[in-house]
Amino acid sequence: MKLADIIRPEHTFIGVSVSTKWRALQSLAEKAGKAFAVKEKTIVQALESRENLGSTGIGNGIAVPHAAIAGMTSPRGLLVRFAQPLDFEAIDDLPTDIAFLLLFGESNRGEYLNVLAAIARRLQSEGVLQSMHKARNVDEFYSSFIGDSRP
């Protein structure tokens, strides 16, 4: 599994302006709805239900909101950098400025764990997170994350 197959350049955004975690989830759902031809309301409800179980803010300024969506056949994602860091109720209490939205089908719930692991491994690579923060445009931001994991 390659991250570039799940998160594509056209599904990468920087400067997304939101003031709260819940507004962020709505914004992510709107973008994902357009990108993946899924009803925005369906995505918002799934993300909010998941978030009510516990924050998907994993720390170090990163959040990975995720949800199962009926009808999706493979994991798909968005990569977003917010205009201003926001309180995502992360485990380390640090504000969040980068989010990976992951959506997956009901039948492949376990597959998203592999995606989460791949994201974590990539973020642990030296300089990746720092490069993502310094990126001046979407291309640099995406390239900083994907690196050599493109097909």
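Residues numbered from 1 in each chain as written. Predicted model: local features only at pLDDT ≥ 70, side-chain atom pairs only at ≥ 80, totals over all residues. Heavy atoms only, no water.

A. Representation of the side chain of Thr56 in the model. Tracing the sequence through the fold places Thr56 in the loop between α3 (40–53) and β2 (57–59). Within the local environment of Thr56, its side chain forms a polar contact with the side chain of Glu51, the two groups lying 2.7 Å apart. (Helix = DSSP H or I, 4+ residues; strand = E, 2+ residues; numbered from the N terminus. Polar contact = N/O pair within 3.5 Å; in protein donor to acceptor, adjacent residues only side chain to side chain.)

B. Molecular detail of the packing of helix α2 (residues 21–36) against α3. Where α2 meets α3, the closest approach of the two axes is 8 Å, and the angle between their N-to-C directions is 140°. With respect to their mutual orientation, α2 and α3 come out oblique. In the packing of α2 onto α3, the handedness of the crossing is right-handed. Contact residues: α2 offers Lys21, Trp22, Leu25, Gln26, Ala29, Glu30, Ala32 and Gly33, while α3 offers Glu40, Ile43, Val44, Leu47, Glu48, Glu51 and Asn52. Looking at side-chain class alone, the contact of α2 with α3 contains seven nonpolar, three polar and five charged residues. (Axes fitted to C-alpha atoms, helices over the stretch in contact; angles between N-to-C directions. Parallel < 35°, antiparallel > 145°, perpendicular 65-115°, else oblique. Left-handed = near helix turned anticlockwise from the far one by under 90°. Contact = heavy atoms within 4.5 Å. Nonpolar A, V, L, I, M, F, W, Y, C, P; charged D, E, K, R; others polar.)

C. Examining the pairing of strand β5 (residues 76–86) more closely. By the criterion of burial, β5 is predominantly enclosed, with eight of the eleven residues buried. Summarising the sheet, strand β1 (residues 7–16) and β5 pair through five bridges and their orientation is parallel. Paired with Thr12 across the bridge in β5 is Leu79. Relative to strand β6 (residues 96–104), β5 is paired through seven bridges, and the arrangement is antiparallel. Looking at the pairing, Gly77 lines up with Leu102 of β6. (Buried < 20%, exposed > 50% of the residue type's maximum accessible area, 1.4 Å probe, protein only. Pairing = 2+ DSSP bridges.)

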